[in-house]
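# Breakdown of the fold
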Amino acid sequence: MEFDRNRSAGILASEIARLYAAALQGALQPLALSRAQYLALSELWLEDGLTQRQLAERVGVEQATMANTLVRMERDGLIEKKPNPDDGRSQQIWLTEVARRLQAPATDAAARANELVAEGLPVAERELFFSMLARVIANLRADRSS
């Protein structure tokens, strides 16, 4: 059986991810945000005061990767770290006013990048596409946990 890279779910998904990441980075560049910073901010906009561990889990990255992102975010005035009153070994991450003001423009930029993913697909096909992607992700997550 011959391998066809154009019929490989993994290769196609990887290509979508690579191209989407580049589009998102380009959309965020005028705001001086990286994709990693946007992902962390998007979680903090939902729930401020998370710990580094919680952020890493929610974004799906290693703690060391998140630590590096948070160092840059603190340097850029996007977050403040404060001692966690429930656990003296950890710190909570809090948004600054600068980060709060970025929520609308950054969310709009991400939405524009996201639109590129399904551009040209009729509404019914878009819904089917996103539904199928969600099922594939659920399958892969279930397989990892078994």
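Bear in mind that the values here come from a model prediction, so they are computed numbers and not experimental data.

### Considering the layout of surface pockets
The gaps of empty space that remain are located by a probe, the size of a water molecule, rolled over the atoms. Taken as a whole, the largest pocket spans an internal volume of roughly 1,400 Å³. Taken together, 32 residues make up the lining of the largest pocket; nearest its centre are Ala-13, Ile-16, Ala-17, Leu-133 and Ile-137. Secondary structure elements with two or more residues in the lining of the largest pocket: helix H1 (9–28), helix H2 (35–46), helix H3 (52–59), helix H5 (97–117) and helix H6 (123–145). The residue makeup of the lining of the largest pocket, split by class, is 23 nonpolar, 3 polar and 6 charged. Taken as a whole, the second largest pocket encloses approximately 260 Å³ of empty space. Listed by contribution, the elements that provide at least two residues to the lining of the second largest pocket are H3 and strand E3 (87–95). When residues in the lining of the second largest pocket are grouped by element, the largest group, 5 residues, is from E3. Of the residues belonging to the lining of the second largest pocket, the class tally is 1 nonpolar, 6 polar and 5 charged.

Cut-offs used in this document
Residues numbered from 1 in each chain as written. Predicted model: local features only at pLDDT ≥ 70, side-chain atom pairs only at ≥ 80, totals over all residues. Heavy atoms only, no water. 1 Å grid on protein atoms, 1.4 Å probe; cavity = no way out; pocket = protein on both sides within 12 Å on 5 of 7 lines; lining within 4 Å. Points joined across faces, edges and corners; volume = space filled by probe spheres on them. Helix = DSSP H or I, 4+ residues; strand = E, 2+ residues; numbered from the N terminus. Nonpolar A, V, L, I, M, F, W, Y, C, P; charged D, E, K, R; others polar.

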